[in-house]
Amino acid sequence: IGDVLANLLSKVGYEVTKEYYINDAGSQIEILAESAYWRYRELLGEQTDFVGEGHYPGSYLIEIAQELVDRDGSKWLSEGSGWLREFKSYVTSRLLSSIRDDLKYLGVKHDVFSSESSLIENNVVDLVFKKLESEGLIYNGTLKQPKGKKVEGWESRSQTLFRATNFGDDLDRPLKKSDGSWTYFANDIAYHYDKYQRGFKF
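A brief report on the enclosed structure follows. (Residues numbered from 1 in each chain as written. Predicted model: local features only at pLDDT ≥ 70, side-chain atom pairs only at ≥ 80, totals over all residues. Heavy atoms only, no water.)

**Overview of the pattern of salt bridges**
Move 1: Across all of its chains, the model carries 12 salt bridges by this definition.
Move 2: Its salt-bridge partner being Glu46, residue Arg41 comes within 3.4 Å of it at the nearest N-O pair.
Move 3: A salt bridge links Asp194 to Arg198; its shortest N-O distance comes to 3.0 Å.
Move 4: Since its relative accessible area comes to 22%, Asp194 is described here as partly exposed.
Move 5: Judged by relative accessible area, Arg198 falls into the partly exposed class, the value being 35%.
Move 6: Several salt bridges converge on common partners, so that one network encompasses Glu19, Asp194 and Arg198. (Salt bridge = Lys/Arg side-chain N within 4 Å of Asp/Glu carboxyl O. Buried < 20%, exposed > 50% of the residue type's maximum accessible area, 1.4 Å probe, protein only.)

**As for the environment of Tyr139**
Move 1: Residue position: Tyr139 is located in strand β3 (residues 138–141).
Move 2: Remark: the alpha-carbon pair of Tyr139 and Phe162, spanning 23 residues in sequence, is separated by 6.7 Å.
Move 3: Once you skip the residues sitting within four places of it in the chain, Tyr139 turns out to touch Gln159, Thr160, Leu161, Arg163 and Asp172.
Move 4: Side-chain polar atoms of Tyr139 contact the side chain of Asp172, separated by 2.5 Å. (Helix = DSSP H or I, 4+ residues; strand = E, 2+ residues; numbered from the N terminus. Contact = heavy atoms within 4.5 Å. Polar contact = N/O pair within 3.5 Å; in protein donor to acceptor, adjacent residues only side chain to side chain.)

**Quick notes on the nonpolar core**
Move 1: Grouped together as the largest cluster of nonpolar side chains are 17 residues, with contacts concentrated most on Leu119, Leu132, Phe162 and Leu175.
Move 2: Of all the secondary structure elements, the ones that give two or more residues to this core are α6 (124–134) and α7 (184–197).
Move 3: Among the elements that make up this core, the one with the highest residue count is α6 (5 residues).
Move 4: Residues in contact with Leu132, not counting those within four places in the same chain, are Leu137, Ile138, Phe162 and Ile189.
Move 5: Ranked by size, the runner-up nonpolar core spans 14 residues in total, among them Leu61, Ile64, Ala65 and Val69. (Core = buried A, V, L, I, M, F, W, Y, C linked by side-chain atoms within 4.5 Å.)

Listed below in structure tokens is the structure:
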């Protein structure tokens, strides 16, 4: 739908940029890397049980793991925790390449690919956090349990929150998880800030 609208706007004379946002950071990417590592160990004859609930059993990871076996042999069995960074990088790069191919077959071409992990590595999230903090939009507080549903294991705890209710939202939004890492919401704010800095303004 987005591509069709972009093409229509372009056809009638608007300047259009098609951008793809790559969610290549956070716990889901780590789970993806762990799943690929499990397949890698399996291919090298390690006796492994499936890594656990929430991980990816997809057979496509066998092919990716085989590429890493062909390239690196058993190197990552003895590299301590170093495998995680390498597997995250390789798997996300490999899957993005596959996504690009699929989009090409559909006739969809993007002008820009923006990476969530690059926003973190380039300290854009930290920069935005400090800007919001200087505006008095960040505070430590607690959120109430979501209405209308019971959340198992819910506990009220102090969190770093953004005053989203100042802008019409129904509740303030967490910016940091309990382990100190950024939430998706924090990264998304940084992404929109980055787009604004690049000239995409309303």
